[in-house]
Amino acid sequence: MRTYLVTGGAGFIGSNYIHYMFKKYDNEIRIINVDKLTYAGNLENLKDVENRDNYTFVKADICDKEAIRKVFAENDIDRVVHFAAESHVDRSIKNPEVFVQTNVLGTAVMLNCAKEAWELPDGTFKEGKKFLHVSTDEVYGSLPDDDNAFFYETSPYDPHSPYSASKASSDMLVKAYMDTYKFPANITNCSNNYGPYQFPEKLIPLIINNALQGKDLPVYGDGKNVRDWLYVEDHAKGIDMVQEQGKLFETYNIGGHNEKQNIQIIHIILDTLQEMLPEGDPRKELVSEKLIKYVTDRKGHDRRYAIAPDKIKADIGWYPETCFEEGIKKTIAWFFENEEWMKNVTSGDYQKYYTDMYSNK
Ligand code: NAD
Ligand code: DAU
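Because the structure is a prediction, the values reported are computed rather than measured.

**Topic: the packing of helix H6 (residues 203-212) against helix H11 (residues 324-337)**
- Orientation of H6 relative to H11, taken along the N-to-C sense of each, is 55°, at an axis distance of 11 Å. Classified by the angle between their axes, H6 and H11 sit oblique to one another. Handedness of the crossing formed by H6 with H11: right-handed. In this structure, H6 contributes Ile204, Pro205, Ile208 and Leu212 to the contact, and H11 contributes Phe324, Ile328, Thr331, Ile332, Phe335 and Phe336.
- Classifying every residue of the contact of H6 with H11 by side-chain character gives nine nonpolar, one polar and no charged.

Okay, structure coming up:
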């Protein structure tokens, strides 16, 4: 049975990936989820799988070399899928240091421990071992408006925020391991994800949550910054396909071919909420364009991101399956069905219950 070590599996994309993998492989695989449970880690995201015999949760910091070494020593890990990171740009502007700590040093620890566990005496690596580093399109910097340019795997790195600079550094470390040691790895650089379990500090869940409560909808700057949105399950599928069918040492860009201005996203969410809320629901009165508030722009705000997922399509056959209209309906339906999840996250209860539960393990 193949064993996966997933880092950051209690976060947004990591938990969706774990669900995707169990849905696809069921009992054919084993997953060990290593997560520090920062504010972004929520074990409620994994309630459905926590009692499986082939799932283990380990509360650990990826910067803790001994803890990570122990996971490798006690388990014959075949695949690492490395999600764990500080992921929010606004937080990186306020407090960059933790981004360097987790995203750069944490990735160095993960690489080193995997290398130690997988390297043979002759400097080659055990058969079939693979490390996938999950990264972002933000490493490529910012594109101007309306010039039809895209980010390719060959685009130069040009990060602007402390977050993207730390992710770029972590990518460089993975590249260095591949070049120096022929360490068996891949990098994926993905565009903006949305879907179930996304923490409501990010644009889409924040707008859904605020609109349903009649709270302000903050739009940074002129609202015309463009992001390329991808439904999270499509990302999870892409990661699995890269690990199984991708060529070792290659980077693959993953994107939705779905560029939208932030203000367009907000209007789509408001319209979709109106369409999906039943007649007589009091929230129908609250959801309104009047809630839109233009606020001070994010410092160093990248203007436009746009991924060209041509290589992953040509080499592996992956493409974004979920169009935005369908994805946003699925996301809103999930938030309607999981009001308790949102209440626990916004009240902070999710952290207390689960960190107490695992603090002694
Ligand atoms: P998230 O913030 O929702 O989750 C991050 C997870 O990592 C949390 O569970 C957190 O507890 C854990 N974590 C943080 N620091 C840790 C540490 N020191 N040790 C162990 N665990 C730690 O993030 P996300 O949005 O799910 O992003 C996951 C990965 O995907 C990140 O590497 C991010 O850079 C990348 N990415 C995200 C997006 C996106 O749109 N969200 C797009 C492209 C790439
Ligand atoms: O592109 C991939 C990246 O997408 C990931 O690497 C990051 O981890 C992820 O957080 C995301 O970064 P962004 O900065 O693009 O996402 P965010 O949801 O924070 O913001 C999306 C856009 O919306 C951005 O242009 C800023 C704007 N925004 C955001 C918030 C939270 C607003 O206008 N108002 C807001 O309140």
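**Focus on the UniProt feature "domain: NAD(P)-binding" (unreviewed entry) in the protein**
- With numbering matched to this structure, UniProt assigns "domain: NAD(P)-binding" (unreviewed entry) to residues 5-331.
- The span residues 5-331 is 40% helical and 17% strand by assignment, and the distance between its end C-alpha atoms comes to 27 Å.

**Points about the site of ligand 2**
- In the vicinity of ligand 2 there are 23 residues, among which Asp137, Tyr163, Asn192, Arg298 and His301 approach most closely.
- Here aspartate 137 contributes a side-chain N or O atom positioned 2.5 Å from an oxygen atom of ligand 2.
- Take tyrosine 220: an N or O atom from its main chain is 2.9 Å from an oxygen atom of ligand 2.
- Calculation on ligand 2 without its partners gives an accessible area of 690 Å², and the protein chains cover 94% of this total.
- Of all elements in the fold, only H6 and strand E8 (217-220) reach the threshold of two or more residues within the shell around ligand 2.
- Ranked by residues supplied to the shell around ligand 2, first place goes to E8 with three residues.

**Describing helix H7 (residues 232-245)**
- The terminal C-alpha atoms of H7 lie 20 Å apart, and with 14 residues this matches the ideal 20 Å at 1.5 Å per residue to within 8%.
- Of all 14 residues making up H7, 10 are buried, and the element is well covered by its neighbours.
- Among the residues making up H7, those that are buried are Val232, Asp234, His235, Ala236, Gly238, Ile239, Asp240, Met241, Val242 and Gln243.

**A few points about the site of ligand 1**
- Lining the immediate surroundings of ligand 1 are 28 residues, of which Ile13, Asp35, Ser87, Tyr163 and Lys167 lie closest.
- A distance of 3.0 Å separates an oxygen atom of ligand 1 from a polar atom in the backbone of phenylalanine 12.
- Isoleucine 62 is positioned with one of its backbone polar atoms (N or O) 2.9 Å from a nitrogen atom of ligand 1.
- Alone, ligand 1 offers 830 Å² of accessible surface; in the complex the protein occludes 96% of this.
- Taken together, the elements giving at least two residues each to the shell around ligand 1 come down to helix H1 (12-25), strand E5 (130-136), helix H5 (162-181) and strand E7 (192-194).
- Per element, the largest residue contribution to the shell around ligand 1 is three residues, and it comes from E5.
- Residues belonging to the shell around ligand 1 are distributed by class as follows: 13 nonpolar, 11 polar and four charged.

**Brief notes about unusual backbone geometry**
- Of note in this structure, tyrosine 197 is not a glycine but carries a positive phi near 70°.
- Mapping tyrosine 197 onto the fold places it in the loop between E7 and H6.
- By relative accessible area, which is 12% here, tyrosine 197 ends up buried.
- Not every positive phi belongs to a glycine, and histidine 257 is a case in point at roughly 50°.
- Here histidine 257 lies in the loop between strand E10 (251-254) and strand E11 (259-261).

**Topic: empty space enclosed by the protein**
- Under the definition given, this model contains three cavities of 30 Å³ or more.
- The space that makes up the largest cavity amounts to roughly 50 Å³.
- Each residue belonging to the lining of the largest cavity can be placed in one class, and the counts come to three nonpolar, three polar and five charged.
- Quantified by volume, the second largest cavity comes out at close to 40 Å³.
- Residue lining of the second largest cavity: Gly11, Phe12, Ala40, Asn42, Asn45, Tyr197, Phe199, Trp341 and Val345, and that is the complete set.
- In terms of residue class, the lining of the second largest cavity is made up of six nonpolar, three polar and no charged.

**Thoughts on the sheet that holds E11**
- Spatially, E7-E9-E11 is the arrangement adopted by the three strands of the open sheet, whose pairing is mixed. This sheet does not close on itself; its edge strands, each paired only once, are E7 and E11. The mean inter-strand angle of the sheet, taken between neighbouring strand axes irrespective of direction, is 50°.
- Two elements, strand E9 (residues 226-231) and E11, share three bridges in a ladder whose sense is antiparallel. Residue pairing across strands places valine 226 opposite glutamine 261, the latter belonging to E11.

Conventions adopted
Residues numbered from 1 in each chain as written. Chains lettered and ligands numbered in written order. Predicted model: local features only at pLDDT ≥ 70, side-chain atom pairs only at ≥ 80, totals over all residues. Heavy atoms only, no water. Axes fitted to C-alpha atoms, helices over the stretch in contact; angles between N-to-C directions. Helix = DSSP H or I, 4+ residues; strand = E, 2+ residues; numbered from the N terminus. Parallel < 35°, antiparallel > 145°, perpendicular 65-115°, else oblique. Left-handed = near helix turned anticlockwise from the far one by under 90°. Contact = heavy atoms within 4.5 Å. Nonpolar A, V, L, I, M, F, W, Y, C, P; charged D, E, K, R; others polar. UniProt positions renumbered as here; feature names shortened; annotations may be inferred. Near = heavy atom within 4 Å. Polar contact = N/O pair within 3.5 Å; in protein donor to acceptor, adjacent residues only side chain to side chain. Areas by Shrake-Rupley, 256 points an atom, 1.4 Å probe, with all protein chains shown as cover. Expected span 1.5 Å × (residues − 1). Buried < 20%, exposed > 50% of the residue type's maximum accessible area, 1.4 Å probe, protein only. 1 Å grid on protein atoms, 1.4 Å probe; cavity = no way out; pocket = protein on both sides within 12 Å on 5 of 7 lines; lining within 4 Å. Points joined across faces, edges and corners; volume = space filled by probe spheres on them. Pairing = 2+ DSSP bridges.

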